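The residues making up each chain are set out below.
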Amino acid sequence: MKIIASFAIFAICLLQRIRCEEVIVNLNQGQLLGEKLETVTGESTYYSFKGIPYAKPPIGSLRFKAPEPPEPWEGVRNATAHGAVCPQVDLLNNVYIPGSEDCLFLNVYTPTLTPDTPLPVMFFIHGGGFKFGSGNVDIYGPDFLVSKDVIVVTINYRLDSLGFLCLGTAEVPGNAGMKDQVFALRWVNENIAQFGGNPRNITVFGESAGATSVGYHLVSPMSKGLFQRAILQSGVPSMDCFIPYKPVDRAFMLGNTLNITTTNATELLLSLQALPVDVLLNRTAYIFASEEITHIVFKFTPFTPVIEEDYGQEMFVSEDPFDTLDRGNVNTVDTMFSYNTYETLIMLPYFVGDTYRYIQRYKRYPELLVPSKILIKKDTDVIYILAKKIIDYYFGNKSISVDNMPEFISYSSFADLVYDVHRFIRRWPHVGNVYLFKFESYSSRNYYGLPGAAYGLTGASHFDDLFYIFDPKALNFTLEINSREYALVQQISTIFTNFAKYGNPTPDTSLGISWPQFDTTNLAYVSVADNLTIGYAPDEDHVQFWKSIFEYARIKF
């Protein structure tokens, strides 16, 4: 690395009130000052570079539009603090986070800047329903992964209408947030060698909306060649909450809710660009009365990735991902899919809280039980019959109520997420290595799953798996080296880093099994709990039930 004046480095450290060594990385954009940190367990150290801009700030006339290349800077840029998060409403805590529209930053964490051979890279895309979240260490501390000799990259991307407004024009065709992710991937391919990384060994992984994003990257021509492996945790593009429906009409409805009355896309764009950012966030933009009822996390999201029309722009996706899967024209990479024991336990406060009582809505409007992808295509007679079938299968003679929470969590976990994972992986062409696991670990780190014990549900919720591969600094978890939690963290982070290094989660016998690949004949998977257990056809009775629902609706499963 090029040495710069020690005085300049000292001045930056003094002004920012940080302790730092002379850790400088040279990029085409400019020079970065990072810092050397100790992992949470104190067992190793790593180099941290935060708040690196990977695209031009999408502000002013660039709001809602595709990202543009980043601009260089002069001198040494301090990379010891995160950049601004993107403006958002945190739905889990019902908190508005103003952030800044100048938020297209990424973070790089590396165990060494001078490895003997370039290191594998793990590129993480956060979840949050395409409405909230960031790549910051408050949830995504890199400690567990980076200590196993991989480089970890986390990113911000535009959220909500800022990232997913679609006006059906060349200027705003949709998917700006997905193109942000592509720009971040391109940045990593071009620059990661300067951090000791191998640009030809990149694993893209994500959870929830992040996994949905990864699923789109698997079929996107813009993402071709940018990564070699992919991990999808609890999410695929076909999930109900991310089904795009009438996105242009929805954009004009957003305008109506903000007292913008026009039928001209250019006028709407200029009007929306002139508004303060806070009024654009967490808007419902309903186009049907029924959407007001279904406006539930996991059921309906107004601004999501879309299938782009061709206006001459670089298109992220131009057809339904399932059509791409059926044609086999996918990006050839190794893949690993997963889902958790009780995915919708994360929604327990919404299901039982006095403010929400969402379960009562399902009882009052049984059509809510039917997948949205069927609701938008079938008539009321079919929907009525399907609702009765679902009630019979999951509830029998029991009522849909808080008193029968295990039945409701089982229903909602499969209806909102799990069957879609099976539906996707069974249509994924067998290119590269393919693995499936069910995450069932349960310990004090199951932050969202622990409240389920009051209802007799002891298992992993949506989001819980993240706390075994990342150290969420904001949650102040402790991790004693001799604890069971430590053993689980080591096991699961080893699975992920093995896959990133070798395309195989168990390349040797150290984890006690030889993990079989998934295919549509053997349906092999591994249960990840205190021990790793090989199994076949997980939850097949539920999968076959949902297949029968789709067959009755005459929609391909």
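Scroll up for the structure.
What this report covers is the structure whose coordinates are included nearby. (Residues numbered from 1 in each chain as written. Predicted model: local features only at pLDDT ≥ 70, side-chain atom pairs only at ≥ 80, totals over all residues. Heavy atoms only, no water.)

Observations concerning the overall build of the protein chain
When its secondary structure is counted, the protein chain shows 17 helices and 16 strands. Taking 557 residues into account, the globule formula puts the C-alpha radius of gyration at 24 Å, and the protein chain, at 23 Å, falls close to it. A principal-axis box enclosing the C-alpha atoms of the protein chain has dimensions of 75 × 60 × 45 Å. Expressed as a percentage of its 557 residues, the buried residues of the protein chain come to 60%. Excluding contacts between residues fewer than 6 apart, the proportion of contacts in the protein chain whose partners are at least 24 apart in sequence is 74%. Accessible surface for the protein chain amounts to roughly 21400 Å². Of this, 49% is attributable to carbon and sulfur atoms. (Helix = DSSP H or I, 4+ residues; strand = E, 2+ residues; numbered from the N terminus. Rg over C-alpha atoms; globule rule 2.2 N^0.38 Å. Buried < 20%, exposed > 50% of the residue type's maximum accessible area, 1.4 Å probe, protein only. Contact = heavy atoms within 4.5 Å. Areas by Shrake-Rupley, 256 points an atom, 1.4 Å probe, with all protein chains shown as cover.)

Details of the pattern of salt bridges
As enumerated under the stated definition, the model contains 20 salt bridges in all. Ionic pairing is found between E68 and K56, a salt bridge with its closest N-O pair at 3.9 Å. With E68 in the loop between β4 (45–53) and β5 (76–78) and K56 in the loop between β4 and β5, the pair connects residues that are 12 residues apart, well separated along the chain. You can call E68 partly exposed: its relative accessible area is 33%. D420 is the salt-bridge partner of K373, the closest N and O atoms lying 3.2 Å from each other. Here D420 lies in helix α15 (residues 405–425) and K373 lies in helix α13 (residues 372–375), a separation of 47 residues in the sequence. Sharing partners across several salt bridges, the network here consists of D240, K373, D420 and R423. (Salt bridge = Lys/Arg side-chain N within 4 Å of Asp/Glu carboxyl O.)

Things to note about the pairing of strand β3 (residues 35–38)
As paired elements, β3 and β4 share four bridges and run antiparallel to each other. Among the inter-strand pairings, L37 is bridged to a residue of β4, identified as Y46. Once β3 ends, the chain turns through six residues before running back antiparallel as β4, passing G42 with a positive phi of about 75°. (Pairing = 2+ DSSP bridges.)

Notes on the environment of Y394
Checked against the element boundaries, Y394 lands in helix α14 (residues 380–394). Placed 148 residues apart in sequence, Y394 and H542 show a C-alpha to C-alpha distance of 9.6 Å. For Y394, the contacting residues outside a window of four places in its chain are E407, S410, Y411, F414, H542, F545 and W546. Of the polar contacts made by the side chain of Y394, one reaches the side chain of H542; its length is 2.9 Å. (Polar contact = N/O pair within 3.5 Å; in protein donor to acceptor, adjacent residues only side chain to side chain.)

Section: helix α6 (residues 209–219)
By the criterion of burial, α6 is predominantly enclosed, with 11 of the 11 residues buried. Those residues of α6 lying buried are A209, G210, A211, T212, S213, V214, G215, Y216, H217, L218 and V219.

Topic: a nonpolar patch on the surface
A contiguous nonpolar patch, built from Y384, I385 and Y552 and spanning about 310 Å² of accessible area, is present on the exposed surface. For Y552, the position within the fold is in helix α17 (residues 540–552). With relative accessibility at 38%, the residue Y552 sits in the partly exposed group. (Patch = residues over 30% accessible without salt bridge, like charges linked within 9 Å, V, L, I, M, F, W, Y side chains within 5 Å.)

What to know about the side chain of Q31
Relative to the helices and strands, Q31 is located in strand β2 (residues 31–33). When its relative accessible area of 15% is taken as the criterion, Q31 is described as buried. Within polar-contact distance, the side chain of Q31 engages the side chain of N26 at 2.8 Å.

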